[in-house]
Amino acid sequence: MSAAAQKPEVSAAAPVLEARGVTKVYSVSAGLFAAPRPLTALAGVDLAIRAGSAIGLVGESGSGKSTLARLLLGIEQPTGGAVLFDGKPLGALSRRAVARRVQPVFQDPFGSLNPSHGVAEIIGLPLAVHRVGDKAARVAELIDQVGLPRRVADARPRELSGGQRQRVAIARALAIRPDVLVCDEPTSALDVSVQAQILNLLADLRRETGVALLLISHNLSVVGHLCERVAILYLGRVVEEGPAADVLAVPRHPYAKALAASVLSVGGTGLPDLGLGQEWPNPLAIPSGCRFHPRCPSVVDACRETDPALTGVPGGSADRHTACLRVAEGTL
Ligand SMILES: Nc1ncnc2c1ncn2[C@@H]1O[C@H](COP(=O)(O)OP(=O)(O)OP(=O)(O)O)[C@@H](O)[C@H]1O
Ligand SMILES: [Mg+2]
């Protein structure tokens, strides 16, 4: 059965993990004798992950996806705004308490697994740290649940395939029954042939365990298969947010349109061709007005001056939002 067919109904549950007006400014070197410069990786981002739901976060390289993931995992603190877990600031919880509820699945499973530990030891480590009882039985259950053969229990990560390694990382993330998995491009380091298997596994695990997913991807169609909502990030701003099926079928923001169209066309680099020219977005020089205007095929003068807010789409469903002046005024 495909991941799309397994997609549960849209959840109306309260947000379990939420970014509210989150800003993240890094200080970056500008050369040996120059003062460091501020780099705004996220600028006022709202994102709600509802209990048991799956939301996709899509955007080009450098748009701030991993930064938002680190803030939601409590690995880094926001410069402004707040990250809330069950309505309470994440910063008020200990690292250990956050890890109990929110777990990461990263892109490169090899880099995140201890090379000198066996599979059962890796999966069981969170159970030992959080003193969860009957470790052996739970590890065996997790090995089965992620579709690994029992015989790999003593294998080292280097003895496994890329897909098997990611299954180990997913089992470890699920060990202490977290509420949310933050998956940062969980399949992009894997062979194309196993990418769909891992996505199907995440869909199955969500259905079986009720864990909520944040799925980060470059690819709008990947999140469309797994998630009922999607947020599109451009240079640190959410420019479109809504039900994944609607955003994919009828994208409204010009950047969302380019992303949706690129699903069908792959450029010479092997990356989706957005058809937006060579102007690469630079977070050290965020354009005036709408930050997308230098690349926008539908730009008008007002876009160079006015920074559009994320607002409801006229004529769209109540839970569909776009940050585009022209969409808001009904001329696009
Ligand atoms: N620790 C840091 N210090 C300085 N700048 C950073 C740091 N982390 C991220 N950045 C910058 O913040 C911006 C957003 O980076 P981020 O890694 O969140 O992007 P991304 O959307 O995950 O990209 P990719 O698709 O390539 O993974 C980039 O311009 C990046 O260079
Ligand atoms: Mg990233």
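Residues numbered from 1 in each chain as written. Chains lettered and ligands numbered in written order. Predicted model: local features only at pLDDT ≥ 70, side-chain atom pairs only at ≥ 80, totals over all residues. Heavy atoms only, no water.

1. Section: the pairing of strand β10 (residues 237-243)
Then, in step 1: With 6 of its 7 residues buried, β10 lies for the most part within the structure.
Then, in step 2: Looking at chain direction, strand β9 (residues 229-234) and β10 are connected through 6 bridges and run antiparallel. Bridging from a neighbouring strand, L233 pairs with V238 of β10.
Then, in step 3: Count of turn residues in the β9/β10 antiparallel hairpin: 2 residues, of which L235 carries a positive phi of about 45°.
Then, in step 4: Note: β10 against strand β12 (residues 321-322), 2 bridges, orientation antiparallel. Each residue of the ladder has a partner; that of E241, found in β12, is H321. (Buried < 20%, exposed > 50% of the residue type's maximum accessible area, 1.4 Å probe, protein only. Helix = DSSP H or I, 4+ residues; strand = E, 2+ residues; numbered from the N terminus. Pairing = 2+ DSSP bridges.)

2. Overview of the sheet that holds strand β5 (residues 88-89)
Strand pairing in a sheet takes place through backbone hydrogen bonds and is either antiparallel or parallel in direction.
Then, in step 1: On the basis of which strands lie adjacent, the open sheet formed by 4 strands has the order β2-β1-β4-β5 and antiparallel pairing. Edge strands, defined here as strands with exactly one partner in the open sheet, are β2 (37-50) and β5.
Then, in step 2: Bridge analysis of strand β1 (residues 15-28) against β2 gives 10 bridges, and the strand direction is antiparallel. The residue of β2 that forms the bridge with L17 is I49.
Then, in step 3: Along the sheet, helix α1 (residues 65-72) contacts β1, β2 and β4 (80-85); its crossing angle with β1, the most-contacted strand, is approximately 120°. (Contact = heavy atoms within 4.5 Å. Axes fitted to C-alpha atoms, helices over the stretch in contact; angles between N-to-C directions.)

3. Remarks on the pattern of salt bridges
Then, in step 1: The tally for this structure, following the rule as stated, stands at 14 salt bridges.
Then, in step 2: Ionic pairing is found between E228 and R206, a salt bridge with its closest N-O pair at 2.9 Å. Of this pair, E228 sits in the loop between α8 (220-226) and β9 while R206 sits in helix α7 (residues 192-209); the two residues are 22 residues apart in sequence, bridging distant segments of the chain. A single burial state applies to E228 and to R206, both of which are buried.
Then, in step 3: Between D319 and R229 there is a salt bridge, with the nearest N and O atoms lying 3.1 Å from each other. Here the residue D319 occupies a position in the loop between β11 (311-312) and β12, and R229 occupies one in strand β9, the gap between them amounting to 90 residues. (Salt bridge = Lys/Arg side-chain N within 4 Å of Asp/Glu carboxyl O.)

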